[in-house]
Amino acid sequence: MPIEITTLTTAAIAAPSDDQEFCDVRRTCEGVHTVAGDDDSYYVIVTKVTHPETLRAFRGHIGAGEELGTVRKRIIDEVPR
C-alpha cells in the first residue's frame, strides 16, 4: 500500500518573479510534508549543507543519524499551525 504524503508547503511557485526561484517540472523542491499515520513528525526536504566551515560550526548540534540542511525562510513561515 502506498504511503500517503500531504504537502504543506514547498519552494514551488506558479509564476516566478525576478527575485524568486522556480522548481523544475518534477516539483523536486525544498518543502514540508506530513505522512499519514505519523502525526508527530514533519518530513522536510532540504538542501544539504556541504560548506566545511558551516558544518564545523554546527557539529555540536548534529547528532548521530542527523544531517544539516537548509530551507528558505518563507517555507517554514508558510507551514500551517
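Data block above holds the structure.
Let me sum up the structure you'll find in this document. (Residues numbered from 1 in each chain as written. Predicted model: local features only at pLDDT ≥ 70, side-chain atom pairs only at ≥ 80, totals over all residues. Heavy atoms only, no water.)

**Brief notes about the overall build of the protein**
Turning to step 1, where the next piece is worked out: Counting secondary structure elements, the protein contains two helices and five strands.
Turning to step 2, where the next piece is worked out: The order of α-helices and β-strands along the protein, N terminus first, is β-β-β-β-α-β-α.
Turning to step 3, where the next piece is worked out: Across the 81 residues in the protein, those meeting the buried criterion constitute 20%.
Turning to step 4, where the next piece is worked out: Pairs at least 24 apart in sequence give 45% of the contacts found in the protein among residues at least 6 apart.
Turning to step 5, where the next piece is worked out: A total accessible area of about 6600 Å² is found for the protein, and carbon and sulfur atoms account for 53% of it. (Helix = DSSP H or I, 4+ residues; strand = E, 2+ residues; numbered from the N terminus. Buried < 20%, exposed > 50% of the residue type's maximum accessible area, 1.4 Å probe, protein only. Contact = heavy atoms within 4.5 Å. Areas by Shrake-Rupley, 256 points an atom, 1.4 Å probe, with all protein chains shown as cover.)

**Let's talk about the side chain of Thr-10**
Turning to step 1, where the next piece is worked out: Counting through the fold element by element, Thr-10 comes out in strand E1 (residues 5-10).
Turning to step 2, where the next piece is worked out: Not counting chain neighbours up to four residues away, the residues in contact with Thr-10 comprise Cys-29, Glu-30, Gly-31, His-33, Arg-74, Ile-75 and Glu-78.

**Quick notes on the sheet that holds strand E3 (residues 38-45)**
Turning to step 1, where the next piece is worked out: Strand order in the open sheet made by the three strands is E1-E2-E3, with antiparallel pairing throughout. Two strands bound the open sheet, and with one partner strand each, they are E1 and E3. When the angles between neighbouring strand axes are averaged without regard to direction, this sheet yields 25°.
Turning to step 2, where the next piece is worked out: Examined bridge by bridge, E1 and strand E2 (residues 31-35) share five bridges and lie antiparallel to one another. Residue pairing in the sheet places Thr-6 in a bridge with Thr-34 of E2. (Pairing = 2+ DSSP bridges. Axes fitted to C-alpha atoms, helices over the stretch in contact; angles between N-to-C directions.)

**What to know about the pairing of E3**
Turning to step 1, where the next piece is worked out: In the sheet, E2 pairs with E3 via four bridges, with the strands oriented antiparallel. Paired with Gly-31 across the strands is Ile-45, a residue of E3.
Turning to step 2, where the next piece is worked out: Between E2 and E3, which pair antiparallel and follow one another directly, the connecting turn spans two residues, one of which, Gly-37, has a positive phi of 90°.

**A look at a nonpolar patch on the surface**
Turning to step 1, where the next piece is worked out: A cluster of nonpolar residues, Tyr-42, Val-44 and Val-46, forms a patch on the protein surface that exposes about 270 Å² of accessible area.
Turning to step 2, where the next piece is worked out: Tracing the backbone shows Val-44 in strand E3. (Patch = residues over 30% accessible without salt bridge, like charges linked within 9 Å, V, L, I, M, F, W, Y side chains within 5 Å. Salt bridge = Lys/Arg side-chain N within 4 Å of Asp/Glu carboxyl O.)

**Some thoughts on the side chain of His-33**
Turning to step 1, where the next piece is worked out: With respect to the helices and strands, the residue His-33 is situated in strand E2.
Turning to step 2, where the next piece is worked out: In terms of polar contacts, His-33 uses its side chain to reach the side chain of Thr-7, at 3.1 Å.
Turning to step 3, where the next piece is worked out: Leaving out residues up to four positions away in the same chain, His-33 has contacts with Ile-5, Thr-6, Thr-7, Leu-8, Thr-10, Ser-41, Tyr-42, Tyr-43 and Ile-45. (Polar contact = N/O pair within 3.5 Å; in protein donor to acceptor, adjacent residues only side chain to side chain.)

Nothing here speaks to function; it is all geometry.
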